[in-house]
Amino acid sequence: MRGADLINVALPDELLDDVLRRVGAGGGGGAKRDLDACALVCRRWRRLERASRRSAKLAASGARADEVLRLVAERFPALADVSVDERRTVGADGGGGAGASGSASRSRRRVHSTFPLRRRRGVSLRADFEGQISISPFPLDQPSGDDGTERSCLTDLGLTHLARGCQGLEKLSLIWCSSISSTGLVRIAENCKKLTSLDLQACYIGDPGLIAIGEGCKLLRNLNLRFVEGTTDEGLIGLVKNCGQSLVSLAVATCVWLTDASLHAVGTHCPNLKTLSLESDRIQNGGVISVAKGCRLLETLKLQCIGAGDDALDAIGTFCSLLESLSLNNFERFTDRSLSSIAKGCKNLTDLVLNDCQLLTDRSLEFVARSCKKLARVKINGCQNMETAALEHIGRWCPGLLELSLIYCPRIQNSAFLEIGRGCSLLRSLYLVDCSRISDDALCHIAQGCKNLTELSIRRGYEIGDKALISIAENCKSLRELTLQFCERVSDAGLAAIAESCPLQKLNLCGCQLITDSGLTALARGCPDLVFLDISVLRIIGDMALAEIGEGCPKLKEIALSHCPEVTDVGLGHLVRGCLQLESCQMVYCRQITSAGVATVISSCSKLKKLLVEEWKVSERTRRRAGPVLSFLCTGL
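All residue numbers refer to position in the chain's written sequence, counted from 1. In keeping with the predicted nature of the model, local features appear solely for residues at pLDDT of at least 70, side-chain atom pairs appear and are counted solely at 80 or more, and the whole-chain, interface and lining totals rest on all residues. The basis for the side-chain values is all heavy atoms of the structure; hydrogens and waters are excluded.

**Things to note about the overall build of the protein**
Phase 1 of the analysis: Every helix listed is a DSSP run of H or I at least four residues long, and every strand listed is a run of E at least two residues long, numbered separately from the N terminus. When you go through the protein residue by residue, the secondary structure sums to 25 helices and 21 strands.
Phase 2 of the analysis: Put simply, the protein has 637 residues, and 55% of those count as buried.
Phase 3 of the analysis: The contact criterion used is simple: two residues touch if any of their non-hydrogen atoms lie within 4.5 Å. Sequence separation of 24 or more characterises 78% of the internal contacts of the protein that already satisfy a separation of 6 or more.
Phase 4 of the analysis: When the accessible surface of the protein is summed, it comes to about 26,800 Å², and 49% of that surface belongs to carbon and sulfur atoms. In this scheme, a residue with accessible area under 20% of its type's maximum is buried, one over 50% is exposed, and one in between is partly exposed, where area comes from a 1.4 Å probe on protein chains only. Calculation of accessible area relied on Shrake-Rupley with a 1.4 Å probe; when residues are assessed, cover is drawn exclusively from the protein chains displayed.

In structure tokens form, the structure reads like this:
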């Protein structure tokens, strides 16, 4: 085209390269599609686009995973951020199942290519590159019980191609890559000197690989070793001795061979560490104390160490004065004394998570509330000794609270929320799960005092009904997300009040069995911006409700209507004719929906990515047309 010729003449390579980089900087699937479109303009644009592509998400499962990684490394040498996930499957045509700069949207077409890869006919692709590179895995790097059979997933061979082809790699994520060993990491360490982030979640990596990374990647800042079972103290100590000065984030979980010795090394060699996530049954007080003394810049700490107790958290409170986020999980050996130490020393604390901390009482939160005035997010889960007074302290002393989550707190009563409503006017999000003594009065206190509420989630709130919803509707005009799972006293009256006053975008009514077609009609007419709706287990709604939703909610992207016995193919047809943006639909155990209704959803929703339905309701023709988007209920379990 003449216009294309004029553009190419006017734009030098440097300027066009800058344009392509700006297109890719947008992130998400849209940026990836835009870059793919640019690559199709002409050969020059394709060459420059390949040279500027910065990120890719790839599959690691499939017989051709190594080949895909080789081709990607050859054609996109400027890649700096690569994520490889064995849970994704390489398609039969060699595609990676995910795209660069964001996950590719799934299509009903039989094309799964990550990049425009050409198939080479008549060539054994494994032999083509196996002859170029010799791979000898470390003998101790394979999981016990390996039968020696050839694996149909990414191996060290593919990782070696990536290392040699993309030497500017800065971020590498290898998720559940079960056939990767220390050999592959050695190749990364030899070639990718600019690596700053490495995620090895659920890979079976031995000590030689980690030691090599420490020696070769001196700029490493972020390391994730969650569920890396092959690593021992020797590997982690070897790594931090060499690159500990640059490390700012470390995550370790269920690494059964790591002990306090590793944490002593972290405390000694990682003075700039700011984020630590530690889940281990073998870590004792000594290891945590070493980290506290050596890593005094720590800002985020997540601990799940049943062997640690009060002494460990005393050290955190004494030495880590910059701590902002603290998460304590399944602690059985620490008491109120621990949080008293945290409260005295960590005045900058903004986020506090307490999961199943059975020995903590109201006194713990009183210490924190009085001392940590910046507290903005609090989550309490399963701390059964905490009563109403705990929450009252938060309400009195933490005016900046933004998010509050209470999960299985059976002793907290309505009066606690009177203080929250009075003192926490900035509250934006409230989550209540299995809080059996909380009723309408608690929600009324919140509504009258926390008028900036944007998200309210209540699950199994058996004492909460229309009175609470009417108060929320009258006072919280900015509410956008509402969950009322199995709130069995909520009826059409409360839902109508919400629909009239709140600009809802997400609504979950699963199990609210008093809701009828009338309530959903009011919802559809009052909330045109709705994008997510769960109306599962509403046993008395029918086709009229779906017709109203189809007409009134054109932006709807996700809907769940499982266990709705009165819904038929007719209502489903009305729904999909109006909701053309629909991407996800769940409709299992809807006895009056047939294969014809399933076919209607498939043919009407061009953007559909996931449809959950019983397998027997899918005809062969529908299966051929929409195989990638179908998910079947597992009825054999």
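After presenting the structure, the write-up continues.
**Brief notes about the environment of alanine 447**
Phase 1 of the analysis: Along the chain, alanine 447 falls in helix α18 (residues 440-449).
Phase 2 of the analysis: For alanine 447, a relative accessible area of 0% translates into the label buried.
Phase 3 of the analysis: Distance from alanine 447 to lysine 477, taken between C-alpha atoms, is 10.0 Å for residues 30 residues apart in sequence.
Phase 4 of the analysis: Those residues in contact with alanine 447, other than ones at most four positions away along the chain, are Ser471, Ile472, Asn475 and Cys476.

**Observations concerning the nonpolar core**
Soluble, globular proteins show a tendency: their nonpolar side chains are buried together.
Phase 1 of the analysis: One finds Phe417 and Met587 to be the most contacted residues of the largest nonpolar core, which totals 179 residues.
Phase 2 of the analysis: Considering each element in turn, this core owes the most residues, five residues, to helix α5 (residues 65-75).
Phase 3 of the analysis: Discounting residues that sit within four places of it in the chain, phenylalanine 417 has contacts with Leu391, Leu406, Ile412, Leu430, Leu432, Ile438, Ala442, His445 and Ile446.
Phase 4 of the analysis: What is meant by a nonpolar core is a set of buried Ala, Val, Leu, Ile, Met, Phe, Trp, Tyr and Cys residues, joined one to another through side-chain atoms within 4.5 Å. Counting five residues, the second-largest nonpolar core is a separate cluster that includes Leu16, Leu20, Trp45 and Leu48.

**Quick word on the pattern of salt bridges**
Phase 1 of the analysis: By definition here, a salt bridge exists when the distance from a side-chain nitrogen of Lys or Arg to a carboxyl oxygen of Asp or Glu is within 4 Å. All told, the structure shown has 31 salt bridges when counted by the stated rule.
Phase 2 of the analysis: Between glutamate 583 and lysine 609 there is a salt bridge, with the nearest N and O atoms lying 4.0 Å from each other. Placement of glutamate 583 in the loop between α23 (569-578) and β19 (584-586) and of lysine 609 in the loop between α24 (595-604) and β20 (610-613) is noted, with a sequence separation of 26 residues between them.
Phase 3 of the analysis: When its relative accessible area of 23% is taken as the criterion, glutamate 583 is described as partly exposed.
Phase 4 of the analysis: What emerges from the salt-bridge pattern is a single network uniting Glu392, Arg396, Glu419 and Arg422.

**A short note on the packing of helix α7 (residues 156-165) against helix α8 (residues 182-191)**
Phase 1 of the analysis: Direction vectors running N to C along α7 and α8 enclose 5°, while the axes themselves pass 8 Å from each other. What the angle tells us is that α7 and α8 run roughly parallel. In this structure, α7 uses Asp156, Leu159, Thr160, Ala163 and Arg164 to contact α8, whose residues at the interface are Thr183, Gly184, Leu185, Arg187, Ile188 and Asn191.
Phase 2 of the analysis: Partitioning the contact of α7 with α8 into residue classes produces four nonpolar, four polar and three charged. Axis geometry follows a simple rule: fit a line to the C-alpha atoms, using only the stretch in contact for helices, then measure angles between N-to-C directions, giving values from 0 to 180 degrees. Oblique is the label for any angle not under 35 degrees, not over 145, and not in the 65 to 115 range, which are roughly parallel, roughly antiparallel and roughly perpendicular in turn. Amino acid classes used here: Ala, Val, Leu, Ile, Met, Phe, Trp, Tyr, Cys and Pro are nonpolar; Asp, Glu, Lys and Arg are charged; the rest, including Gly, are polar.

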